[in-house]
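The primary structure of each chain is shown beneath.
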Amino acid sequence: MGYHRDADNYPRISPFHGEMRRRVWAVIQQLDILTSCQLGLPSLIQESQCDTRLPRNITDEDFGPESTQLPPPRPETQSTAVLYSRVKVKMMSVFRTIFNQVSLGKTENYEEIMALDRHLHQTHQSMPPCFKIAKLEDCIMVPSYLLIRRFNLELLFQKSRCTLHRHHMAKAYSDPKYNYSRSACVDSAMTVLSHQASILKEVQVGGLLYKDRWFLTSLERHDFSLASMVVCLELSKPEEQQNPELVGYTRESMIGALQTSQAFWAALKGMSHSEKPHAQNGNMLPPSDISETPFSAEFQGIEAMLNSSDGVDWDMWESLVHMPEDFSNYEMSEDP
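Keep in mind the model is a prediction, meaning the values are calculated, not measured.

Q: With reference to specific residues and values, describe the overall build of the protein.
A: In terms of regular secondary structure, the protein is built from 11 helices and zero strands. Along the protein, from the amino end to the carboxyl end, the secondary structure elements read α-α-α-α-α-α-α-α-α-α-α. A total of 336 residues make up the protein; the buried ones form 45% of that total. Long-range pairs, those at least 24 residues apart, make up 68% of the contacts in the protein with a sequence separation of at least 6. Of the roughly 18500 Å² that the protein leaves accessible, carbon and sulfur atoms contribute 54%.

Below you can see the structure in the form of structure tokens.
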């Protein structure tokens, strides 16, 4: 169908249909990279093979099937129905580069990592003010759809930081050269968990997002799990490697963030088991107390889990995540 080629390359395509093709392609790009990331597979779309431009920041009233040419784009300070797609595709483009590079194991050149970090921050800073995250207490009059878009863009930015610096975060424990990656990774993870706590509050009865709880898809939940994993990795290190001044967070604050995250998952579990009766009662949380969940009963809290002798073997997890080049030393069990 040729959506990856810009319509200006084909004179038979009218300006109207060409612009609509750009809008469709913007959505396809988002679906491709987000699905690929969640499944752990390389993205199918390679930007080097595509030249379709971003859709213009114009309204549906600005052009139509009879248009012989497109009107000039409106400034990005002026919100239109297509502005969110433009902003998200720009961020997605950076995330695709990061994800593909990390997936292929091209993480050794630290200068390239830092160049991508600068590009990511520049893209984030260039977003229109209406899409930048703000304190929820200042957003009482903000429409819920706009809050959701802000959260989506912010989570994408923080996930990009985590993905970019995750490999070098592990190196920082033995080489201070990579301390920036360690602090950036922990900061992005803690920021995501902070947003998770805010979302948990706002999807309750009377919250700003109570009527839009549907937006918590598996994509957002994947981001929350990634953030929790990074924080757990930081907490699992020996005391002599703990450095609150470097990462910007104390051990207690990180454990508190994980405990709040646990409450989020418990709330979702309660909704999945008995969504209809509890929704009718106007209460998202199940009747039982969160502290009575099997998770808490077994580990007696997050800190006990981290210090437990039968807890997660983070060193083994670390080696498996980075896919050792030589598998000859690994023996696979014959048991099914």
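Q: Describe the confidence of the model for the protein, listing the residues and the values that go with them.
A: For the protein, the average pLDDT comes to 81, and 79% of its residues sit at 70 or higher. Across the protein, helix H3 (residues 110-125) holds the top mean pLDDT of 95, while helix H9 (residues 294-299) sits lowest at 36. Taken as a whole, residues 284-309 scores under 50 in pLDDT and shows 40 contacts with residues more than four places along the chain or in a different chain. In the model, residues 316-336 has pLDDT below 50 throughout and makes 12 contacts with residues more than four positions away in sequence or in other chains.

Q: Could you give an account of the pattern of salt bridges, naming the residues involved and the relevant values?
A: Taken as a whole and assessed by the stated rule, the structure comprises 16 salt bridges. Of the charged contacts, one joins arginine 53 and aspartate 8 as a salt bridge, the two residues approaching to 2.9 Å between their closest N and O atoms. Highlighted residues: arginine 53 in the loop between helix H1 (15-39) and helix H2 (83-103) and aspartate 8 in the segment before H1, separated in sequence by 45 residues. Among the residues examined, aspartate 8 registers a relative accessible area of 53% and is labelled exposed. Where lysine 159 meets aspartate 223, a salt bridge forms, and the shortest distance between an N and an O atom there is 3.2 Å. Highlighted residues: lysine 159 in helix H4 (residues 144-172) and aspartate 223 in helix H6 (residues 218-235), separated in sequence by 64 residues. Comparing lysine 159 with aspartate 223, the two get one shared label, buried. Sharing partners across several salt bridges, the network here consists of Asp6, Asp8, Glu19, Arg22 and Arg53.

Q: Report on the nonpolar core, specifying residues and quantitative values.
A: Of all hydrophobic cores here, the largest spans 64 residues; its most connected members are Phe131, Met169, Phe224 and Val231. Mapped by element, the contributors of at least two residues to this core are H1, H2, H3, H4, helix H5 (179-202), H6 and helix H8 (251-280). Sorting elements by how many residues they give to this core places H4 first, with 12 residues. Setting aside chain neighbours within four positions, we find methionine 169 in contact with Ser181, Arg182, Cys185, Val186, Val230, Leu233 and Glu234.

Q: Let's hear about the state of the cysteines: which residues, and what values?
A: Working definition: the covalent bond between the sulfur atoms of two cysteines is a disulfide. In this structure the tally under the stated criterion is zero disulfides. No disulfide involves cysteine 185; its sulfur sits 4.3 Å from that of cysteine 162, the nearest cysteine. For cysteine 185, a relative accessible area of 0% translates into the label buried.

Q: Go over H2, please, and point to the residues and values.
A: Helix length check: H2, at 21 residues, gives a terminal C-alpha distance of 30 Å against a target of 30 Å (1.5 Å per residue), a fit within 8%. Just past H2, the residue glycine 105 takes up positive phi, approximately 75°.

Q: Please set out the packing of aromatic side chains residue by residue, giving values where relevant.
A: Summed over the entire model, instances satisfying the criterion amount to six aromatic pairs. Here a set of aromatic residues connected by ring pairs shows up, and it is made of Phe224, Phe264 and Trp265. Positioned above the aromatic ring of tyrosine 3, the side-chain terminus of arginine 21 is 4.4 Å from the ring centre. The lysine or arginine in question, lysine 237, covers the ring of tyrosine 173, its NZ or CZ lying 4.8 Å from the ring centre.

Q: Which residues make up the packing of H4 against H6, and what values do they have?
A: Two elements in contact, H4 and H6, have axes whose closest approach is 10 Å; the angle formed by their N-to-C orientations is 40°. As H4 packs across H6, the resulting crossing turns out to be left-handed. Contacts from Asn152, Leu155, Lys159, Cys162, Thr163, Arg166 and Met169 in H4 reach Glu220, Asp223, Phe224, Leu226, Val230, Leu233 and Glu234 in H6. Class assignment for the residues of the contact of H4 with H6 results in seven nonpolar, two polar and five charged.

Q: Got a sec to walk through the packing of H5 against H6? Specific residues and values, please.
A: Two packed helices can be described by the angle between their axes and the distance between those axes. Running from amino to carboxyl end, H5 crosses H6 at an angle of 130°, the nearest separation of the two axes being 8 Å. Between H5 and H6, the interaxial angle falls into the category oblique. Read as a crossing pair, H5 and H6 show a hand that is left-handed. Touching Arg182, Cys185, Val186, Ala189, Met190, Val192, Leu193, Gln196 and Ile199 of H5 are Asp223, Phe224, Ala227, Ser228, Val230, Val231 and Glu234, all from H6. In terms of residue class, the contact of H5 with H6 is made up of 11 nonpolar, two polar and three charged.

Scoring rules and cut-offs
Residues numbered from 1 in each chain as written. Predicted model: local features only at pLDDT ≥ 70, side-chain atom pairs only at ≥ 80, totals over all residues. Heavy atoms only, no water. Helix = DSSP H or I, 4+ residues; strand = E, 2+ residues; numbered from the N terminus. Buried < 20%, exposed > 50% of the residue type's maximum accessible area, 1.4 Å probe, protein only. Contact = heavy atoms within 4.5 Å. Areas by Shrake-Rupley, 256 points an atom, 1.4 Å probe, with all protein chains shown as cover. pLDDT = per-residue confidence, 0-100. Salt bridge = Lys/Arg side-chain N within 4 Å of Asp/Glu carboxyl O. Core = buried A, V, L, I, M, F, W, Y, C linked by side-chain atoms within 4.5 Å. Disulfide = S-S within 2.5 Å. Expected span 1.5 Å × (residues − 1). Phe/Tyr/Trp six-rings, centres within 6.5 Å; stacked < 30°, edge-to-face > 60°. Lys NZ or Arg CZ within 6 Å of the ring centre and 35° of its normal. Axes fitted to C-alpha atoms, helices over the stretch in contact; angles between N-to-C directions. Left-handed = near helix turned anticlockwise from the far one by under 90°. Nonpolar A, V, L, I, M, F, W, Y, C, P; charged D, E, K, R; others polar. Parallel < 35°, antiparallel > 145°, perpendicular 65-115°, else oblique.

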